[in-house]
Amino acid sequence: MTAVTVPGAASASASERPGPRPSARTSGRWAWLRERGMGASVLVAAISGGFGVLLVAVTGLIGAWLMADPFLSGGETIIIVVAILSVLLVAVAMYVAAIVTANTFATIVAGRTRQIALMRLIGASARSQRSRIARQGLIVGAIGAVIGLIGGTAAAAGLQELAARAWGLNVDYSIVQPVLLAPALVVALTTWVAAWAGSRRVLEVTPLAALAGSAPRTAEEAAGRTRRRVTAVSLFAVGAVLLALGILAGFVTPLGVVVAFFGGLASFTGLSLGAALVMPPLLRLTGRLFGRSASARLAAENALRYPERSSRMAIGVVMGVTLVTMFAVASESVKGVMAASGGGEVSGEMARLLDTFSAVMMALVGVSAVIAAVGLVNLLTIGVVQRTRELGLLRALGLTGRQIRSMVLFEAAHITITSVVFGLLLGIAYGWAAAQSLLGSVRVPPLWLAPNFVLPGIPWLTVAGIVVATAVLTLVAAVVPTRLATRVSPVEALAE
């Protein structure tokens, strides 16, 4: 008697990745944790959670140092400034992590289309499936938050010990405080919300989709999402207006930078939501740089045929590059204003102070860039895994393993080059807006066009570092996907 296998959720999920099938021990309730993308999501939550815990602990430690110094006046003001900076930097890191997590879960859901449709076919509702994915996000966030809590607390304790031994900064302060739970809880909740937002597509999956393979939206399908486009354009417009108001207010008071901050946040959120509209034209321009070989043309077409997938990969890198460039440009612009007010040069001590502050801020913002880089590697890997059948078809049509590897490498380079150029331009614009709204009211000799106009300072060394880091990221991001792309034989891939 011939056994008939009914395709179910487990088989559908297993078919989304090449390699050995999961064993009975790992295919139970928690088998989804082994799915491609989940480990990287835990890493993203752990990095952002550890970063938040470390900043909160270090802020308290700095406050204890300052309050214990009898010769330091105005210690309370410095503590408040450090606390505000810590909150802002933690918020930025969690903002980047939330977008990366939402994009990861959106990509995972795109690969689960057939599985979700099969569940719908046997009676499950779309909302129950979406709630299930959101719960997975909460579990991922909780695991990452616990790891981050432990790692961040340990790092803060190590820093306290180092400061006591190396600089003699001994103070009676306990690192372990209940307040350290706050960033960990926020990370878990943020990951849950991001998973809920990324699983929006579940509501659009019908039982009939079980008859088709899993595939992301095409350019035509993505363009038809009117509500998302309107929201993205509206947010960007509101943000642009707030940026302009912040710059104008900056001619009167340095508090204009607060208005500009919210304007930058709103406008960039609009860009993130509308990435599928903004990135494809930029990717098309970049695609022309790689020549007319089969691998290069396929890489360019893949980015344009499924704009949501390529835009999710690109926007994280854009965020990381924008943040690093923004802080570097703002710092360089401040130097320019101080040099103009000081007769053409900045004193050596002030220059060292600015350089040190800029380096510290860049290192802290670099955590957000690392989160974005993890997101790119993760999404590129998931994309290759979900295209096993497509890659097998290309192999069957005559493409060699080397050509497939070149195609994946071109895709990574395609996305990172576009993201870096776009991020540099955005970073320069946002950095100048921050400096102008903060220093526009400072009375200095005319720099250009009009008094109090701050020229954007371009940190060429930082730009060069970003370009080099991008080249390294492209190679790293392509290592795992290229290996996966050529691991499965054409016949086995076509059977998926």
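Residues numbered from 1 in each chain as written. Predicted model: local features only at pLDDT ≥ 70, side-chain atom pairs only at ≥ 80, totals over all residues. Heavy atoms only, no water.

K.L.:
Would you mind going over the overall build of the protein in detail, with residue names and values included?
P.N.:
Regarding its fold elements, the protein presents 17 helices and zero strands. Counting every position in the protein, which comprises 496 residues, the buried fraction comes to 46%. Counting only carbon and sulfur atoms, one obtains 70% of the accessible surface of the protein, whose full area is about 23,800 Å². (Helix = DSSP H or I, 4+ residues; strand = E, 2+ residues; numbered from the N terminus. Buried < 20%, exposed > 50% of the residue type's maximum accessible area, 1.4 Å probe, protein only. Areas by Shrake-Rupley, 256 points an atom, 1.4 Å probe, with all protein chains shown as cover.)

K.L.:
Describe the environment of Arg-130, and please don't skip the residues or the numbers.
P.N.:
Along the chain, Arg-130 turns up in helix H5 (residues 126-166). Taking C-alpha positions, Arg-130 is 9.5 Å from Gly-198, a pair spaced 68 residues apart along the chain. Once you skip the residues sitting within four places of it in the chain, Arg-130 turns out to touch Trp-196, Ala-197, Ser-199, Arg-200, Val-202 and Leu-203. Reaching out from Arg-130, the side chain makes a polar contact with the side chain of Ser-199 at a distance of 3.3 Å. (Contact = heavy atoms within 4.5 Å. Polar contact = N/O pair within 3.5 Å; in protein donor to acceptor, adjacent residues only side chain to side chain.)

K.L.:
Before we move on, can you summarise the nonpolar core with the specific residues and values?
P.N.:
The biggest cluster of nonpolar side chains holds 61 residues, and the ones touching the most others in it are Val-96, Phe-268, Ile-371, Leu-376 and Leu-426. If near-sequence neighbours (up to four positions away) are discounted, Val-96 is found in contact with Met-319, Leu-323, Ser-368, Ile-371 and Ala-372. (Core = buried A, V, L, I, M, F, W, Y, C linked by side-chain atoms within 4.5 Å.)

K.L.:
Before we move on, could you go through the packing of aromatic side chains and cite the residues and values that matter?
P.N.:
Aromatic ring pairs: the centre-centre distance and the angle between the two ring planes describe each pair. Scanning all chains against the criterion turns up one aromatic pair. Ring geometry for Phe-261 and Phe-262: centres 5.4 Å apart, planes at 80 degrees, overall edge-to-face. (Phe/Tyr/Trp six-rings, centres within 6.5 Å; stacked < 30°, edge-to-face > 60°.)

K.L.:
Just give me the short version of the confidence of the model for the protein, but keep the residues and values in it.
P.N.:
Looking at the protein as a whole, the pLDDT averages 76, with 79% of positions reaching at least 70. Model confidence for the protein, summarised as mean pLDDT per element, is weakest for helix H1 (residues 9-14) at 40 and strongest for helix H9 (residues 256-273) at 89. Note on residues 446-450: pLDDT is under 50 here. Beyond four places in sequence and across chains, it has seven contacts. (pLDDT = per-residue confidence, 0-100.)

K.L.:
Tell me about a nonpolar patch on the surface, and name the residues and values.
P.N.:
Taken together, the side chains of Ile-84, Leu-88, Leu-255, Val-258, Phe-261, Phe-262 and Leu-265 make up a nonpolar region of the molecular surface, amounting to roughly 630 Å² of accessible area. Breaking the nonpolar patch down by element, the ones donating at least two residues are helix H3 (75-111) and H9. Note on placement: Phe-262 falls in helix H9. (Patch = residues over 30% accessible without salt bridge, like charges linked within 9 Å, V, L, I, M, F, W, Y side chains within 5 Å. Salt bridge = Lys/Arg side-chain N within 4 Å of Asp/Glu carboxyl O.)

K.L.:
Tell me what's going on with the side chain of Ser-437, and back it up with residues and numbers.
P.N.:
When you line up the elements, Ser-437 lands in helix H15 (residues 401-439). The exposure class assigned to Ser-437 is buried, which follows from its relative accessible area of 0%.

K.L.:
Tell me what's going on with H9, and back it up with residues and numbers.
P.N.:
In a regular helix each residue adds 1.5 Å, so 18 residues correspond to 26 Å; H9 covers 26 Å between its end C-alpha atoms and thus fits that length. Among the residues making up H9, those that are buried are Gly-256, Ala-260, Gly-263, Gly-264, Ala-266, Ser-267, Phe-268, Gly-270, Leu-271 and Ser-272. (Expected span 1.5 Å × (residues − 1).)

K.L.:
Describe the side chain of Ser-48, listing the residues and the values that go with them.
P.N.:
On the secondary structure map, Ser-48 appears in helix H2 (residues 38-68). Residues contacting Ser-48, with those up to four places away along its chain left out, are Ala-93, Ala-97, Val-187 and Ile-371.

K.L.:
Let's hear about the environment of Arg-127: which residues, and what values?
P.N.:
Mapped onto the fold, Arg-127 is located in helix H5. Sequence separation of Arg-127 and Leu-203 is 76 residues, and the distance between their C-alpha atoms is 6.8 Å.

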